[in-house]
Amino acid sequence: MTEERLTHDFDPLEPETFTSAHERYKDMRRKCPVAHSNEFNGFWALFKYRDIERVLKDYRNFVTSVQNVVPKVAFTGRRPPLHLDPPEHTPYRRAINPFFSNQRMDMLKNDVRRMVAELLEPLLQREEGDISDEFAQKLPGYVFAKLFNLTQELAMDIKRCTAVYNRAVQRADDRMVKETSLKLYDIARRMIAMRKAEPMDPAEDIVSALLSATHNGEPLPEDMVLGTVRQLMVVGMIAPSVFVGNMAVHLSEHRDLQERLRSEPRLIPAAVEEYFRLFSPYRGFARTSKTDVVIGGRHIRKDEPIALVFTSANRDEDVFPEPDQFILHRPNIHQHIAFGLGPHQCPGAPLARMMMIVTLEELLTRTKSFEVAGEIRMTRWPEWGTLSVPLKFVKA
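Residues numbered from 1 in each chain as written. Predicted model: local features only at pLDDT ≥ 70, side-chain atom pairs only at ≥ 80, totals over all residues. Heavy atoms only, no water.

A. Focus on empty space enclosed by the protein. Scanning the entire structure with this criterion turns up two cavities of 30 Å³ or more. By volume, the largest cavity is sized at about 650 Å³. Around the largest cavity, the lining comprises 38 residues; the ones closest to its centre are Val 235, Gly 236, Tyr 282, Cys 346 and Gly 348. For the lining of the largest cavity, the secondary-structure elements that each account for two or more residues are helix 3 (90-96), helix 6 (139-147), helix 10 (222-253) and helix 14 (349-365). By residue number, the principal contributor to the lining of the largest cavity is helix 10, which donates seven residues. (1 Å grid on protein atoms, 1.4 Å probe; cavity = no way out; pocket = protein on both sides within 12 Å on 5 of 7 lines; lining within 4 Å. Points joined across faces, edges and corners; volume = space filled by probe spheres on them. Helix = DSSP H or I, 4+ residues; strand = E, 2+ residues; numbered from the N terminus.)

B. Expanded view of the pattern of salt bridges. A complete count under the given rule lists 36 salt bridges for this structure. Between Asp 27 and Lys 31 there is a salt bridge whose closest N-O contact spans 3.3 Å. Note that Asp 27 and Lys 31 are positioned in helix 1 (residues 20-31) at a spacing of four residues, about one turn of the helix. With relative accessibility at 26%, the residue Asp 27 sits in the partly exposed group. The exposed category is assigned to Lys 31, whose relative accessible area is 61%. Several salt bridges share partner residues, and in doing so they unite Glu 14, Glu 16, Arg 24 and Arg 283 into one network. (Salt bridge = Lys/Arg side-chain N within 4 Å of Asp/Glu carboxyl O. Buried < 20%, exposed > 50% of the residue type's maximum accessible area, 1.4 Å probe, protein only.)

C. Quick look at the packing of helix 8 (residues 174-197) against helix 10. Packing of helix 8 against helix 10 brings their axes to within 9 Å, and their N-to-C directions diverge by 115 degrees. Viewed along their axes, helix 8 and helix 10 adopt a mutual orientation that is roughly perpendicular. Crossing angle aside, the handedness with which helix 8 passes helix 10 is right-handed. Along the contact surface, helix 8 presents Ser 181, Leu 184, Tyr 185, Ile 187, Ala 188, Arg 189, Met 191, Ile 192 and Lys 196, while helix 10 presents Glu 222, Val 225, Leu 226, Gly 227, Val 229, Arg 230, Met 233 and Val 234. For the contact of helix 8 with helix 10, the residue count by class is 11 nonpolar, two polar and four charged. (Axes fitted to C-alpha atoms, helices over the stretch in contact; angles between N-to-C directions. Parallel < 35°, antiparallel > 145°, perpendicular 65-115°, else oblique. Left-handed = near helix turned anticlockwise from the far one by under 90°. Contact = heavy atoms within 4.5 Å. Nonpolar A, V, L, I, M, F, W, Y, C, P; charged D, E, K, R; others polar.)

D. Focus on the side chain of Ser 312. In this structure, Ser 312 sits in helix 13 (residues 310-313). Judged by relative accessible area, Ser 312 falls into the buried class, the value being 0%. Each residue touching Ser 312, except ones within four places of it in the same chain, is listed here: Tyr 25, Arg 29 and Phe 47.

E. Geometry of unusual backbone geometry. In this chain, Pro 80 is followed by Pro 81 through a cis amide linkage whose omega measures -5 degrees. Mapped onto the fold, Pro 81 is located in the loop between strand 3 (62-63) and helix 3. Pro 87 follows Pro 86 through a cis peptide bond whose omega is 0 degrees. Position of Pro 87 among the secondary structure elements: in the loop between strand 3 and helix 3. Not every positive phi belongs to a glycine, and Asn 216 is a case in point at roughly 55 degrees. Looking at where Asn 216 falls in the secondary structure, it is placed in the loop between strand 5 (214-215) and strand 6 (218-219). A residue is classified by how much of its surface remains accessible, and Asn 216, at 71% relative accessible area, is exposed.

F. Region of interest: the packing of aromatic side chains. For the structure on display, the rule yields 18 aromatic pairs. By way of ring pairs, the aromatic residues Phe 10, Tyr 25, Phe 40, Phe 43, Phe 47 and Trp 381 are connected into one cluster. We note Arg 230 situated over the ring of Tyr 185; from NZ or CZ to the ring centre the distance is 5.6 Å. (Phe/Tyr/Trp six-rings, centres within 6.5 Å; stacked < 30°, edge-to-face > 60°. Lys NZ or Arg CZ within 6 Å of the ring centre and 35° of its normal.)

G. The arrangement of the sheet that holds strand 1 (residues 34-37) in detail. Taken together, five strands build an open sheet; the order of strands is 1-2-10-7-3 and the sheet is mixed. Each end of this open sheet is capped by a strand with a single partner; those strands are strand 1 and strand 3. (Pairing = 2+ DSSP bridges.)

H. Quick peek at the sheet that holds strand 14 (residues 390-395). Within the open sheet, the three strands sit side by side as 4-14-11. Their pairing is antiparallel. In the strand order of this sheet, the two ends are held by strand 4 (128-130) and strand 11 (367-372), each with one partner. Strand after strand, the sheet turns through a mean of 30 degrees between neighbouring axes, direction not considered. Where strand 4 meets strand 14, three bridges bridge the pair, whose relative direction is antiparallel. Bridge assignment links Asp 130 to a residue of strand 14, and that residue is Pro 390.

I. Just the packing of helix 4 (residues 102-126) against helix 14, in detail. The N-to-C vectors of helix 4 and helix 14 enclose an angle of 40 degrees; their axes lie 9 Å apart at closest approach. Taken together, the axis directions place helix 4 and helix 14 in an arrangement best described as oblique. Relative to helix 14, the crossing made by helix 4 is right-handed. Of the residues in helix 14, those in contact with Asn 102, Met 105, Leu 108, Lys 109, Val 112, Arg 113, Val 116, Ala 117 and Leu 120 of helix 4 are Pro 350, Leu 351, Met 354, Met 355, Val 358, Thr 359, Glu 361, Glu 362 and Leu 363. Partitioned by chemical class, the residues of the contact of helix 4 with helix 14 number 12 nonpolar, two polar and four charged.

J. Molecular detail of helix 4. For helix 4, with 25 residues, the first-to-last C-alpha span of 35 Å sits near the 36 Å given by 1.5 Å per residue. At Leu 108, helix 4 shows its largest kink, close to 45 degrees. Each element contacted by the buried residues of helix 4 is listed here: strand 4, helix 5 (131-136), helix 6, helix 14, strand 11 and strand 14. In the stretch just after helix 4, Glu 127 is the one whose phi turns positive, near 65 degrees. (Expected span 1.5 Å × (residues − 1). Bend = angle between axes of the 7 residues up to and from the residue.)

The quantities given are spatial measurements derived from coordinates; they are silent on function.
In structure tokens, the structure reads:
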């Protein structure tokens, strides 16, 4: 294996439209399914479903603890559970998983519905507005406040800070990533201090659960509890904020589907699941091989970061027939990996599903129609999705 093998096969920072990334990834799956890029200090990218599935399932040989995302953004400390490998990550997952159960989501649903309605109302009154900027980027902060039993003010502090953090990641601005990450740690410290001063039932509060959790008879290390709270902030905020606009764009382009879901709301959960496959927001989650390895005929050295492009895998024609088409009740929809696989499968998946189902229910119930009414702006790697989607609404 020589250095000549490190070709520059694709540019993750190439400007994108709503469709261009998927067109490019279709070409990559056919011509260069295991690719190397010189951006972000160099990394590999997997575009085929089976290659990504192999890496996700083999968590003993492909670890997340070296670099969990491309580009590398973990400059300011280890943040469980995503920065740890089993079994080290397990006590943190054990503490947080109960807060994302389907039963918990049922309890939270009415509050989320009220938040969605309140945030949509100003746009519907004007009969126009940016569903991404004015709604989707605000909703996670409100839900986060409820989930973590926070004041709205503190939750909005988190949302503002995560927005700056995400922009810095997109621009590969390492200085700003570090600076903003430290601010997020300060907010996490405030949350922990608040729970120490005003304890809550660990069965009702995530931070309290982490503070009271034990492993081998000992409390979880305080710096790791801090890192877990810090990690939950970002992963819970960014993905929903780029996903809502994706659904709105597709429904604007497919008015027949918009009408069908409006008249048959029982179909909305199946539609949301297909949207998770069709518009998967993650393409930069990474693993690192503990040994030299061959994937797709290409030699990847130990310690070279490997990006797992879920956005491509979920449109792999070898797994999903007619992958670029929206198909309600797709027979193998359960195979999509929008939330990952294995021990690091996203614990917040039930929350994401519930939030998106409620959002679509309220958006369709409160309108007769809506359509795109301006330029769509896209996020950049490592997420895929919309940053701005101006819409015109006809109120119900």
